[in-house]
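# A closer look at the structure
One-letter residues, chain by chain:
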Amino acid sequence: MKQTFTFNSSGQVLGPFTFSIGDTSSFDDYVRGGVATQVKMPKKLQFKSYTEALANPEFVMTDFAKFDRPALLHICFQALQRFVKQTGAKPKPWSSVDADKFLETFKEINDASPAKVEDFNEDIVKTFSHISAGELVAMDAVIGGIVAQEIMKACSGKFSPLYQWLYFDSLECLPEDKSSLTEANCAPRGSRYDSIAAVFGYDFQKTLGGLKYFVVGAGAIGCELLKNFAMLGVGTKSDGGRIVVTDMDLIEKSNLNRQFLFRPWDVQKPKSDTAAAAVAKMNPDTNIIAHQNRVGPETEQTYDDDFFEPLDGVANALDNVEARLYMDRRCVYYRKPLLESGTLGTKGNVQVVVPFLTESYGSSQDPPEKTIPMCTLHNFPNAIEHTLQWSRDMFEGEFKHVAENAAYYLGDPKFMERTLKLPGSQPLQVLESVKKALVTERPRDFQDCVAWARNHFEHNYHNQILQLLHNFPKDQTTSSGEPFWSGPKRCPHALKFETSNPVHLDYVVSGANLKAAVYGIPQVRDRHLVEEMVHKVEVPEFVPRSGVKIAVTEADAEAQNNALPDSDSLSDLQASIPSLNDLKGVHVTPLEFEKDDDLNFHIDFIVAASNLRAENYDIPPADRHKSKLIAGKIIPAIATTTALVSGLVTLELIKLAQGHKSLEVFKNGFINLALPFFGFSEPVTAPKNKYYENEWTLWDRFEVDGEMTLAEFIKYFEQEHKLEITMLSQNVSMLYSFFMPSAKRKERMEMPLSEVVRKVSKRKIDPHVRALVLELCANDTDGEDVEIPYVKYNLPK
């Protein structure tokens, strides 16, 4: 008998993984198992009134390096309100007269306030006055993102609201030398940049206009950055600047809720072109150039020395770590600042990389994402995420990978030869999939597709479950006497197919239509016709077999995957696949999973397959929306977080443009709007290494002008740097080592270094390459190994 009870957390949660369930005397005797579900309880918050909060403020800290700043700004904003009320306007930009009046107003309010600030910096108060008439798109984005999220919290009751005041400033954006910030230089001129010049002056506006930036990515963050840059006047035609944006993707319908430079009529257009056109409308003076390239080794002839050297910086707006690390390496090599950022729902981060000052993005990495063990996916799911991943893997296997192997076989005469050379069990797996696609499961018409889908249902949700229960019955115990079906292992039950069950029929309708799409067979979308076809399908009776091995642990699953195929079975399998002549006219098209097309049956199949699997294991099902989010690996990109993060990035760009060289001026940011949490800190200093008395960081290198022979290169380091080279490599090619055979070493010693690279790598040096990156291992004069920078070997022009 199943019994359900509820309890609250008060006094019953014993630790992060244990809890007590209270008095169970009224229940039957405990036998085994049980499922605990955590339910988040609502929390009631009470806020002070505006008047009370004004007098007794509670602040959300954003930067603990400015611990006393919120209290000061609390009075400053009250002083600004009174100043405007008394004078009818805000203080004039950088007016010393107005600043003195504002200071007096500040002191009056401060003295009368219950939240009086005892010791305050008058310079900060005057600076507040100087810039109060200005407006920056970066600050608008930061504060706007926070406020918009708070409004959504109030409407939805989801996440924790701010309690109760939040003040944010970035006075570090101002120049160290403020002598150019005169009232005349910052006065309005009827320009679109008046509000920016009110803060930084028109001289700095020209600096912004002359910037040359490379924005990598035109997705959610990329769109916001481009908008911010255009509104700020970065990279203008009139000042000789430019913004280059690249993104190889096309606009999808799902992008429209957070990538605001795109409209419904832009779907399937290139992101970079569309974003550039939108930005040009916002600010016609913006000099923006759109590319549709992927950043990587394959585009280095486009993004070469001539491209990178004039740049003032790079702003990443990427969605994968591999591309981020690649751009990080390029920025380190060319010694360019990098603005790195990312979002994950309500979470966001910003990192600024400054040459010769901070560590790089690649200096530290996040731990790898957790993966679901294969044995859990295949046999012991206990959460809807497991069943969705299983269904997604099945989609990829049945409609993509199997079809791809068949398509390769049909289109490549040497496919069989290459397949047989694959390691481990791969040849067997590949050839089995080819036979499956072209012989055993190849449909001739839509009735065959329905028969396949119906039998596939039987195999996955009935036969496999019966086999699992045959191997591990419900009363199975482990070697220690514990029930096998306990803890995370849920005991499943087999499903009986019923056409009256809409999920059962969903599976057949979507599966049959996907199978038809792979083979170019006309689809049938009428559920009643498909239901009639199902009744014609003969389903073989299944009897569980003994001796079938089922992986219980990850080690079992790995052993099964790595098992070597029997040579006889491989030969028989090869012989059973028809020749290409026998398959003339057969076409197989692999399907690429597309979550945003509601008419292609992809999500229909995933939802039905997952929920049937969930029913097998008594896991609560997921609706279409949740299934789409998880199976499509959609990380909700929230516009509020994106706006906030892009604003923070733009503030760091301003600091870079000011030419700041002090580490404490720059801020790495970590935010979570749900909590809410705001954390800003100085970037980490680039770690220092040392050889002899020479200190160096990742930003340093040896620069050597070629051409030299290998012998001359080695002698150069001995004479100039007192280093004995023991090994020399370029990329993955070993050019020289102390243990190299003497004949080979002697041959290379007299060759020009570039020729050694060509000979060893067996590749020509591309025409756009002006320098080679060489890695050294070396000993000092005492014969000890020393860690030294890499070498940039400049090729002759």
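Residues numbered from 1 in each chain as written. Predicted model: local features only at pLDDT ≥ 70, side-chain atom pairs only at ≥ 80, totals over all residues. Heavy atoms only, no water.

### Some thoughts on the nonpolar core
- Judged by nonpolar contacts, the single largest core of 71 residues is most densely connected at Phe-446, Val-450, Tyr-461 and Tyr-507.
- If you list the elements that add at least two residues to this core, you get helix H14 (384–411), helix H15 (415–419), helix H16 (426–440), helix H17 (446–471), helix H18 (502–519), helix H19 (527–534), helix H21 (567–576) and helix H22 (602–616).
- When sequence neighbours within four positions are dropped, the list of residues in contact with Phe-446 reads Ala-512, Asn-513, Ala-516, Ile-521, Pro-522, Gln-523, Val-524, Val-530 and Met-533.
- By size, the runner-up hydrophobic cluster in this structure holds 66 residues, among which are Leu-166, Ala-197, Ala-317 and Phe-678. (Core = buried A, V, L, I, M, F, W, Y, C linked by side-chain atoms within 4.5 Å. Buried < 20%, exposed > 50% of the residue type's maximum accessible area, 1.4 Å probe, protein only. Helix = DSSP H or I, 4+ residues; strand = E, 2+ residues; numbered from the N terminus. Contact = heavy atoms within 4.5 Å.)

### Considering the packing of H14 against H18
- The N-to-C vectors of H14 and H18 enclose an angle of 15°; their axes lie 10 Å apart at closest approach. Comparing their axes, H18 and H14 come out roughly parallel. Relative to H18, H14 is oriented so that their crossing is right-handed. Contacts between H14 and H18 involve Met-394, Phe-395, Phe-399 and Ala-403 from the first element and Tyr-507, Gly-511, Leu-514, Lys-515 and Val-518 from the second.
- In terms of residue class, the contact of H14 with H18 is built from 7 nonpolar, 1 polar and 1 charged. (Axes fitted to C-alpha atoms, helices over the stretch in contact; angles between N-to-C directions. Parallel < 35°, antiparallel > 145°, perpendicular 65-115°, else oblique. Left-handed = near helix turned anticlockwise from the far one by under 90°. Nonpolar A, V, L, I, M, F, W, Y, C, P; charged D, E, K, R; others polar.)

### Things to note about the environment of Thr-358
- Tracing the backbone through its elements, the reader meets Thr-358 in the loop between strand E8 (347–353) and helix H13 (374–379).
- With 308 residues separating them in the primary sequence, Thr-358 and Phe-666 have C-alpha atoms 9.7 Å apart.
- At 2.9 Å, the side chain of Thr-358 forms a polar contact with the backbone nitrogen of Val-354. (Polar contact = N/O pair within 3.5 Å; in protein donor to acceptor, adjacent residues only side chain to side chain.)

### Details of the side chain of Ser-754
- Its place among the elements puts Ser-754 in helix H27 (residues 753–761).
- Accessibility expressed as a relative area gives 4% for Ser-754, which makes it buried.
- Discounting chain neighbours no more than four positions away, the residues touching Ser-754 are Glu-707, Ile-765, Leu-772 and Leu-795.

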